[in-house]
Amino acid sequence: MTMIALTVNGRALNASVEPRTHLADFLRDSLNLTGTHLGCEHGVCGACTLLLDDMPARSCITYAIACDGARVTTIEGLDDDEITAELRAAFRREHALQCGYCTPGMLISARDLVLRLPVSDERSVRVGLSGNLCRCTGYVGIVRAVRSVIDERRRRGIQPVPGGGHSALGPVGSGNGSTSNAPTVPVAAAELQLEDSGAMVIPDFAPEKVFKDHFAVGCPPEAVFEMFGDVARVAACLPGTSLTGVPTQERAEGLIRVKLGPISASFRGAARIERDPQNLSGRIVGTGSDQRSRSSTQGEIHYQLMPTEQGAATRVELSIGYSLRGMLAQIAREGLVRDLASRLTADFARNLERQLSGAGPDGSVEGPRNLDGFSLLIDLLRARVRRALQRVLGQ
Ligand code: FES
Ligand code: FES
């Protein structure tokens, strides 16, 4: 984490940010300034536009860490701004918004045009707003609204400001960057360390994200607990996982392969296994890193076995916590990781059931194929569309 000092909507603040956090996430998640919307997160749609040292900028492709020393103004900071107030009134009058998703970014880009365009010719306004996409209005009302504000202000004798008053073109527009001097505090990321013996160190850690899950198995808890003690059999049930050494009951080393969109990663790591036979519960703490995607992770799983169906079946309660760093962390948002973990859990439960029912390792139990995030993603989207249709159709 790195400390930065910046001014947001006139308020000076210090914050500790991860290098990969973009400015929009920082504003929305840490400062609760949710007026900055996120659409594409690729710098295309303009929904996240705000002012950085008075210049319009895309906050989805601007790292928060690069804003050290900058002055950030979001739509919330323009509540009392004269031009924005005139634009808001014009947007209402000209029906320039419907769902309003594009509107904060649109208002900030429009404000810049009002500041610097000498006359309100339609082409200049359309070109000026071409970086802000609106899926609802067809732009006619928006263009009319912006032109009307420019016309009205010029009629009142308010002259355009050359270049919108921009003078500095520094990093992200601030020209004030001082990140090189920013003190850094160590990141609690999973850099693999080795003990004197050459074994990987598996440190305890505080997970950044934790969620719950569960699954059911048609075998008694004691049988499930016994199987959980057989690391090789458990690993064989986990898609994409293979062991790289001979495991003991307390420790295992292995490889887990993940493919998420364009990124393939092979996490090499180690896990520490703790078991509590009295309570039929346990904990697995792991750490791993992938050189190619320069990503690293730490994770822990708590499980508790609960008897169901008069002890003939088991409900496995899971608490899953993780921290992720590097390239994968940039695309693996919490909801996506949670959904993928649920699918992984479902695959694991199915394979476990087969193992426990005596199916042999002849391919009937899913082996260490890659954990393919793309196919999981397609399944997830299918499930979400199905749920949405069911809601719409009232089923
Ligand atoms: S969310 Fe930033 S440009 Fe689309
Ligand atoms: S008003 Fe809906 S996207 Fe523009």
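Below or above, wherever it landed, is the structure these notes cover.

Next up on the list: the sheet that holds strand 1 (residues 2-8). Strand order in the open sheet formed by five strands is 2-1-5-3-4, and the pairing between neighbours is mixed. On the outer flanks of this sheet lie strand 2 (11-17) and strand 4 (55-58), each paired with one strand and no other. Between one strand axis and the next, the sheet turns by 40 degrees as a mean value, whatever way the strands run. Relative to strand 2, strand 1 is paired through seven bridges, and the arrangement is antiparallel. The residue of strand 2 that forms the bridge with T2 is V17. Where helix 1 (residues 23-31) meets the sheet, it contacts strand 1, strand 2, strand 3 (49-52) and strand 5 (71-73), and its direction lies at approximately 105 degrees from that of strand 2.

Ranked by internal contacts, the top residues of the largest apolar core, which has 44 residues, are F26, L87, F91 and V146. In terms of residue count, the dominant contributor to this core is helix 3 (residues 103-116) (seven residues). Once residues lying within four places of it in the same chain are set aside, the contact partners of F26 are L6, L13, A15, V17, T21, L31 and A64. Core analysis: the second largest hydrophobic core is formed by 23 residues, V217, Y303, I320 and A341 among them.

Take the environment of A145 next. Mapped onto the elements, A145 comes out in helix 5 (residues 140-155). The buried category is assigned to A145, whose relative accessible area is 0%. Spatially, the C-alpha atom of A145 lies 8.9 Å from that of R88, the residues being 57 residues apart in sequence. Setting aside residues up to four positions removed in sequence, A145 forms contacts with A90, F91, E94 and A96.

Glancing now at the pattern of salt bridges. Applying the stated criterion to the full structure yields 21 salt bridges. Between D347 and R350 there is a salt bridge whose closest N-O contact spans 3.0 Å. Here the residue D347 and the residue R350 both occupy positions in helix 9 (residues 334-356), the gap between them amounting to three residues, near one helical turn. With a relative accessible area of 4%, D347 lands in the buried category. Look at the salt bridges and you will find they share partners, linking E82, E86, E152, R153, R155 and R156 into a network.

Rules used in this analysis
Residues numbered from 1 in each chain as written. Chains lettered and ligands numbered in written order. Predicted model: local features only at pLDDT ≥ 70, side-chain atom pairs only at ≥ 80, totals over all residues. Heavy atoms only, no water. Pairing = 2+ DSSP bridges. Helix = DSSP H or I, 4+ residues; strand = E, 2+ residues; numbered from the N terminus. Axes fitted to C-alpha atoms, helices over the stretch in contact; angles between N-to-C directions. Contact = heavy atoms within 4.5 Å. Core = buried A, V, L, I, M, F, W, Y, C linked by side-chain atoms within 4.5 Å. Buried < 20%, exposed > 50% of the residue type's maximum accessible area, 1.4 Å probe, protein only. Salt bridge = Lys/Arg side-chain N within 4 Å of Asp/Glu carboxyl O.

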